[in-house]
Amino acid sequence: MTALRHPAIAIGGGLVLGMVAIALLAPWLGTIDPTQIAPAARTRAPSAEHWFGTDMLGRDLYSRVLYGTRVSLVVGFTVALLTSAIGTAIGLTSGALPRLDDIIMRVMDGIMSVPPILLAIALMTLTRGSIGNVIIAITFAEAPRMSRIVRGVVLVLREQSYVDAAITAGSPTPVILWRHVLPNALAPIIVQASYVSASAMIVEAILSFLGAGTPTSTPSWGNIMAEGRSLWQVKPFIVFFPAVFLSLAVFAVNLLGDGLRDALDPRVAKKA
Amino acid sequence: MAILEVEGLKVHFRTGAEAVRAVDDVSFSLVRGETLAIVGESGSGKSVTANAVMRLLPRAQTRVAGAIRFDGRDLMALPERSMAQLRGDRIGMVFQEPMTSLNPVLSIGTQITETLRRHKGLTMRAALDRAVEMLAAVGISEPGRRIAEYPHQLSGGMRQRVMIAIAICCDPDILIADEPTTALDVTIQAQILDLLAELKRRTGTSIIFITHDLGVVAEIADRILVMYAGRKIEESATSDLFEQPMHPYTRGLLASMPRLRGGSDAGPARLHEIPGLIPLQSFGAAGCNFAERCVRAEAVCRENSPPPLLVRPGHMSACHFSDIGTASS
Amino acid sequence: MRHYVLRRVIATAPVVLIVALFVFSLLYLAPGDPAAIIAGDQATAADLERIRHTLGFDRPFLVRFGDWLWQIAQGDFGTSIFTNMPVMKMIGQRVEPTLSLMAITMIIAVAVAVPTGVVAAVNANSVLDRAIMTCGVLGFSIPIFVVGYLLAYLFALRLNWLPVQGYTPLSEGVGPWLANLLLPSLALGSANIALIARTTRSAMLEVLNQDYIRTARAKGIGQMRILFLHALKNAAIPILTVVGISVALLIGGAVVTETVFAIPGIGRLTVDAVLRRDYPVIQAVVFLFSVVYVLVNLTIDLLYTLVDPRVRY
């Protein structure tokens with residue numbers, strides 16, 4: 001019943017769960033070792049033996065693409081989590097302390113003026129390539145926007161009379177934030193977190209595609225496509241399969257985010 | 001000679017599974033040069049009637065039936081393009097909310113001249129001149145300066161004057177004013193009413209004036225049509241209505257008007273009221289739709305819809321007991 | 001009105017300063033030792049020292065920052081670690097392709113997205129509307145480089161209508177210039193088109209419900225004029241806002257698009273610099289693009305006043 005009323009959540013959520021299942025069950029879905037090199041079977045087109053074909057080192061693309069799901073999901077989820085935590089912390093602080101608010105928000109604006117991919121690229125230039133560093137770089141780029149959203153909620157709630165009452169009653173600020181502000185901020189945080197994870201997956205893929213992201217020892221959709229770059233005009237399948245998976249994953253998360261937004265936004269929910 | 005004839009107008013809105021008969025078989029005509037007031041409380045269907053004449057009702061989930069003849073032409077049969085040509089040119093309309101009825105990002109001048117240029121084909125120069133004339137005619141000071149200003153720079157009363165200017169700038173045959181003074185304070189209200197009376201005197205435009213306030217129409221209306229829950233329940237010349245109201249609802253309305261001097265030596269009188277609001281089931285009721293709230297209702301009222309009785313020449317009332325009515329204060 | 005313009009312009013200065021500070025600080029914020037990473041695993045102690053000196057690690061932060069600002073103000077963005085050429089010169093050589101790409105992309109994006117959004121709003125909740133909105137989510141989800149490869153595969157490789165890759169300078173004719181830029185612009189703009197169309201639709205829906213639209217209809221104004229003047233002008237503010245945000249997407253996406261379509265622009269320069277860990281180039285590119293973004297936002301702020309007279313105070 002709920003699924004019918006919110007097709008976006010049902011379809012998006014379903015696809016996401018599907019992806020999670022693939023990531024967790026990869027070893028048992030007909031895959032072989034994704035790092036196993038077989039020079040004799042280089043760049044074979046998709047066949048019964050290699051469902052997605054093989055890459056320039058003879059590695060089975062089907063296995064690599066399926067294992068690549070793990071990287072994207074881990075990055076997407078972790079960035080969303082970290083961004084939410086850090087963004088919320090900064091947003092709450094900024095909203096609750098007007099004297100610091102101006103400075104903090106100016107710094108956030110400054111950071112947001114740097115296009116996210118460039119920021120991530122700059123940080124990756126300066127660090128060793130690894131999934132961890134990719135996560136840190138993307139979190140850096142996305143946290144300011146989250147902090148702005150949370151701060152916005154705090155500012156609105158500050159005007160509400162029940163918050164005023166709590167302040168007058170002498171409740172310490174952290175308690176007010178925890179009990180009154182946070183529950184109201186939860187909906188926008190969740191919605192934004194879903195968009196952030198979609199964005200994170202794209203940025204990781206782009207970084208890996210450019211050679212500045214996940215090191216090639218771990219297959220990720222981005223670096224599989226990077227490896228297939230030089231051959232794409234003659235062997236497009238190397239680029240094709242990870243591209244489809246990436247698009248599907250991002251589409252699923254965006255759809256889920258849209259659905260959550262429509263379900264959680266009181267104005268829209270009332271109409272539905 | 002009738003400039004507008006409305007025959008058997010029905011407007012049904014579909015909400016969910018049900019259909020509400022917002023306007024239920026209403027007929028009236030408007031003679032050239034006369035001012036007709038349509039009076040009723042909120043939800044009586046008076047605004048819907050006006051919007052139906054202009055064919056401005058939403059298309060979704062709405063059914064309109066009946067005939068609306070303007071200068072002999074059936075408006076219901078016109079294609080949208082032709083209707084759009086009539087609107088603003090031969091029939092003008094003024095709405096209730098002056099604060100939101102003007103486009104905030106277009107200048108006053110643009111909003112007047114575009115009507116003139118669309119319907120009269122004037123050049124920009126000629127249209128601007130006429131616009132300034134119109135602003136002066138509706139009593140706006142420094143019209144030359146106001147032309148370049150934007151709605152947010154004007155007060156509510158001034159915006160309503162601009163709305164009127166826009167509605168009459170092409171010399172329409174009919175001006176429909178849908179509660180034009182309801183959102184304004186009393187002093188401005190009086191000014192707007194004076195303005196309308198003056199315009200009527202000068203140009204002979206026919207006016208349909210929609211309101212819930214009987215006090216307002218006493219001054220400017222030639223005839224009054226009272227609506228209740230989508231039906232016409234009384235219609236007569238103004239003086240006749242005030243002197244000898246026939247329908248219990250009309251009597252109730254008149255009695256509810258606050259008077260400066262009421263009551264007796266015992267003290268100020270309690271304000272008379274008709275209890276309750278229009279109940280939903282009154283729309284499209286089998287019998288008299290006022291029966292629920294009528295102090296005189298009897299069994300026949302609930303069973304049979306009262307026919308429109310011509311109590312006197314030019315005075316009709318839809319009540320089973322119309323001819324037994326006595327004037328009460 | 002002049003006050004508003006002046007205030008906005010003046011307010012931009014501190015933002016640029018903070019951006020400069022932030023971009024400069026990245027060096028210090030990166031986890032690990034950047035100098036070692038840049039120098040590479042094969043570096044000798046002497047190399048490491050040289051890198052540390054180039055990056056300015058041997059001097060106090062503020063001094064170095066001040067120097068850097070002073071140099072930037074004079075247009076000196078340092079020297080590339082890899083090529084030893086002045087960074088500014090390297091960037092200058094690559095400006096035209098990137099600027100062309102971004103300009104064409106924005107023009108196409110707005111020209112396609114706004115009317116689409118209007119159509120969707122006018123036909124709200126119809127099959128057409130839902131179809132447009134679903135395309136929108138797809139456009140936003142499919143990463144730029146995937147769209148790029150798809151378009152190139154279909155229109156260049158298979159159908160042979162357009163060149164697969166490369167760039168033709170404007171000086172060699174508008175036709176060839178556009179031919180090379182069409183596919184990359186569509187790819188780069190796909191996410192932007194989706195975003196702008198969505199915003200146009202929701203802004204228009206809200207506007208079309210307003211009383212003043214009813215007034216316009218009561219005046220007998222034609223449907224086209226009502227949509228594109230009466231309604232759109234009111235919807236313009238959120239649309240302009242999202243156009244500004246699109247530019248940020250554009251800048252990031254240019255890097256990828258230039259790679260897919262082998263366009264010799266600043267994006268390609270950046271990619272090469274990343275692989276070679278040529279930080280002065282990266283730093284310059286990041287700073288310059290950020291300033292461009294800040295200026296774009298300033299322009300949008302000023303455009304608001306053209307559209308909505310209430311914003312002038």
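Residue numbers restart at each chain and count upward from 1, following the sequence in its written direction. As a convention, the first chain written is A and the first ligand written is 1, with the rest following in written order. Whole-chain, interface and lining totals are the exception, using all residues; otherwise, since this is a predicted model, local features are given only for residues with pLDDT of at least 70 and side-chain atom pairs are given and counted only at 80 or more.

### Quick look at the overall build of chain C
Here a helix means four or more residues in a row that DSSP labels H or I, a strand means two or more in a row labelled E, and each is numbered from the N terminus. For chain C, the helix and strand inventory stands at twelve helices and zero strands. For chain C, the N- to C-terminal ordering of α and β elements is α-α-α-α-α-α-α-α-α-α-α-α. For the exposure call, what matters is how many other C-beta atoms sit within 10 Å of a residue's own: 20 or more marks it buried, 12 or fewer exposed, and in between partly exposed, using C-beta atoms placed from the backbone. For chain C, the residues scored as buried account for 43% of the 313 residues in total. Taking contacts inside chain C between residues at least 6 apart in sequence as the whole, the part at least 24 apart equals 73%. Placing a C-beta atom from the backbone of each residue, one calls two residues in contact when those atoms lie within 7 Å.

### Some words on the overall build of chain B
When helices and strands are counted, chain B shows eleven helices and twelve strands. Rg of the C-alpha trace for chain B: 21 Å, near the compact-globule value of 20 Å for 329 residues, within the 12% margin. The C-alpha extent of chain B, read off along each of the three principal axes, is 65 × 55 × 40 Å. Here the radius of gyration uses the C-alpha set of atoms, whereas the globule reference equals 2.2 Å times the residue count to the power 0.38.

### Here we look at the pairing of strand E9 (residues 223-228) of chain B
Residue and element names in this part refer to chain B. Of all six residues in E9, six are buried; the element is thus mostly enclosed. Every second residue of E9 is oriented toward a common face, with Arg223, Leu225 and Met227 on one face and Ile224, Val226 and Tyr228 on the other, all of them buried. In this analysis, strands are considered paired if DSSP registers two or more bridges between them. Across four bridges, the pairing between strand E3 (residues 35-39) and E9 is parallel. Each residue of the ladder has a partner; that of Ile38, found in E9, is Leu225. The pairing of E9 with strand E10 (residues 231-237) spans six bridges and is classified as antiparallel. Of the residues in E10, the one forming a bridge with Arg223 is Ala237. The turn linking E9 back onto E10 is made up of two residues, and Ala229 within it adopts a positive phi angle of 45°.

### Some remarks on the packing of helix H5 (residues 87-122) of chain C against helix H12 (residues 279-307) of chain C
Residue and element names in this part refer to chain C. Where H5 contacts H12, the two axes come as close as 10 Å, and the packing angle between them is 60°. Considering their axes alone, H5 and H12 lie oblique with respect to each other. Between H5 and H12 lies a crossing whose hand is right-handed. Counted together, Val87, Met90 and Ile91 of H5 and Pro280, Val281, Ala284 and Val285 of H12 form the full contact between these two elements. Residues are grouped as follows: Ala, Val, Leu, Ile, Met, Phe, Trp, Tyr, Cys and Pro are nonpolar; Asp, Glu, Lys and Arg are charged; every other residue, Gly included, is polar. Among the residues making up the contact of H5 with H12, the classes are represented as seven nonpolar, no polar and no charged. Comment: axis = line fitted to C-alpha atoms, over the contacting stretch for helices; angle = value between 0 and 180 degrees taken between N-to-C directions. Throughout, the term roughly parallel applies to angles under 35 degrees, roughly antiparallel to angles over 145, roughly perpendicular to angles from 65 to 115, and oblique to all others. The sense of a crossing depends on the near helix, which, turned anticlockwise from the far helix by less than a right angle, makes the crossing left-handed and, turned clockwise, makes it right-handed.

### Details of the sheet that holds E3(B)
All names here are of chain B. Taken together, eight strands build an open sheet; the order of strands is E6-E7-E8-E3-E9-E10-E12-E11 and the sheet is mixed. Looking at the sheet topology across the chains shown, the edges are occupied by strand E6 (91-94) and strand E11 (309-312). When the angles between neighbouring strand axes are averaged without regard to direction, this sheet yields 20°. Relative to strand E8 (residues 206-211), strand E7 (residues 174-178) runs parallel, the two sharing five bridges. The residue bridging Ala177 from the neighbouring strand is Phe209, located in E8. Relative to E6, helix H6 (residues 156-168) is tilted by about 170°, and along the sheet it contacts E6 and E7.

### A look at the interface of chain C and chain B
With 19 residues of chain C in contact, the opposing surface of chain B contributes 24 residues. Elements that contribute at least two residues to the side of chain C that touches chain B include exactly helix H9 (211-218) and helix H10 (223-260) of chain C. Per-element accounting of the side of chain C that touches chain B gives the leading share, seven residues, to H9(C).

### What to know about the interface of chain A and chain C
Taken residue by residue, the interface counts 41 residues in chain A and 42 residues in chain C. Looking at the side of chain A that touches chain C, the elements that each hand over two or more residues are helix H4 (98-112), helix H5 (116-126), helix H6 (131-158), helix H8 (173-209) and helix H10 (237-264) of chain A. Class assignment of the residues belonging to the side of chain A that touches chain C gives a composition of 28 nonpolar, nine polar and four charged.

### Some words on the nonpolar core
A set of buried residues qualifies as a nonpolar core if it consists of Ala, Val, Leu, Ile, Met, Phe, Trp, Tyr and Cys joined through C-beta atoms within 7 Å. With 165 residues, the main nonpolar core has Ala120(A), Ile121(A), Leu123(A) and Ile206(A) as its most contacted residues. Sort the elements by how many residues they give to this core and H8(A) lands first, with 18 residues. Counting 84 residues, the second largest nonpolar core, distinct from the first, contains Ile68(B), Val138(B), Ile168(B) and Ile192(B).

### Description of the sheet that holds strand E4 (residues 62-70) of chain B
Residues and elements named next belong to chain B. A sheet is described by the order of its strands in space; here four strands give the open sequence E2-E1-E4-E5, paired in antiparallel fashion. Edge positions in the sheet fall to strand E2 (18-31) and strand E5 (73-74), since each has one partner strand and no second. Pairing geometry for E4 and E5, over two bridges, is antiparallel. Among the inter-strand pairings, Arg69 is bridged to a residue of E5, identified as Asp74.

### With respect to the packing of H4(A) against helix H1 (residues 2-29) of chain C
Running from N to C, H4(A) and H1(C) cross one another at 70°; their axes reach a closest spacing of 8 Å. As judged from the angle between their axes, H4(A) and H1(C) are roughly perpendicular. Within the contact between the two elements, H4(A) uses Arg106(A), Val107(A), Asp109(A), Gly110(A) and Ile111(A) and H1(C) uses Pro14(C), Val15(C), Ile18(C), Val19(C) and Phe22(C). Counted by class, the contact of H4(A) with H1(C) contains seven nonpolar, one polar and two charged residues.

### Describing the arrangement of the chains
Contacts are most numerous between chains A and C, considering all two pairs of chains that are in contact. For chain A and chain B, which are not in contact, the least C-alpha distance works out to 13 Å.

### Describing the pairing of E11(B)
Residues and elements named next belong to chain B. Pairing geometry for E11 and strand E12 (residues 315-317), over three bridges, is antiparallel. Looking at E12, one finds that Leu310 is bridged to Met316. A loop of two residues connects E11 with E12, the two strands running antiparallel in sequence, and Gly314 in this loop sits at a positive phi of about 80°.

### Overview of the environment of Asn103(B)
Residue placement: Asn103(B) occurs in the loop between E6 and helix H3 (108-120). Here the alpha-carbon distance between Asn103(B) and Ala299(B), two residues 196 residues apart in the chain, equals 52 Å. Excluding its chain neighbours within four sequence positions, the residues that come into contact with Asn103(B) are Gln111(B), Tyr212(C), Ala216(C) and His230(C).

### Observations concerning unusual backbone geometry
All names here are of chain C. In this structure, Asn125 takes a positive phi of about 70° despite not being glycine. Structurally, the position occupied by Asn125 is in the loop between H5 and helix H6 (127-141). C-beta crowding within 10 Å serves as the criterion here: with 10 such atoms nearby, Asn125 is assigned to the exposed category. Unusually for a residue other than glycine, Asn160 sits at a positive phi of about 60°.

### So, the environment of Val110(C)
Residues and elements named next belong to chain C. Within the element layout of this structure, Val110 appears in helix H5. Between the C-alpha atom of Val110 and that of Leu188, which follows or precedes it by 78 residues, the distance is 13 Å. Each residue touching Val110, except ones within four places of it in the same chain, is listed here: Ile196 and Val243.

### Remarks on H8(A)
One turn of an α-helix holds 3.6 residues; hence residues three or four places apart share an orientation. All names here are of chain A. Here, expected helix span is obtained from the residue count minus one, scaled by 1.5 Å. Taking 1.5 Å per residue as the helical rise, H8 with its 37 residues ought to reach 54 Å, whereas the 46 Å between its terminal C-alpha atoms falls clearly short. At Leu182, H8 shows its strongest bend, of approximately 50°, with the proline Pro183 following within four residues. Positioned one or two residues after H8, Gly211 has a phi angle of 90°, which is positive. What the bend at a residue measures is the angle between two axes, fitted to the seven residues ending there and to the seven starting there.

### A short note on the environment of Phe209(A)
For Phe209(A), the position within the fold is in helix H8. For the pair Phe209(A) and Gly222(A), spaced 13 residues apart in sequence, the C-alpha to C-alpha distance is 4.6 Å. Those residues in contact with Phe209(A), other than ones at most four positions away along the chain, are Gly222(A), Met225(A), Ala226(A), Phe145(C) and Val256(C).

### A look at the confidence of the model for chain B
What pLDDT expresses is the predictor's confidence in each residue, scored from 0 to 100. On average, residues of chain B carry a pLDDT of 86, and 95% of them reach 70 or more. Scored below 50 in pLDDT, residues 325-329 of chain B shows four contacts in the model against residues more than four places distant or in partner chains.

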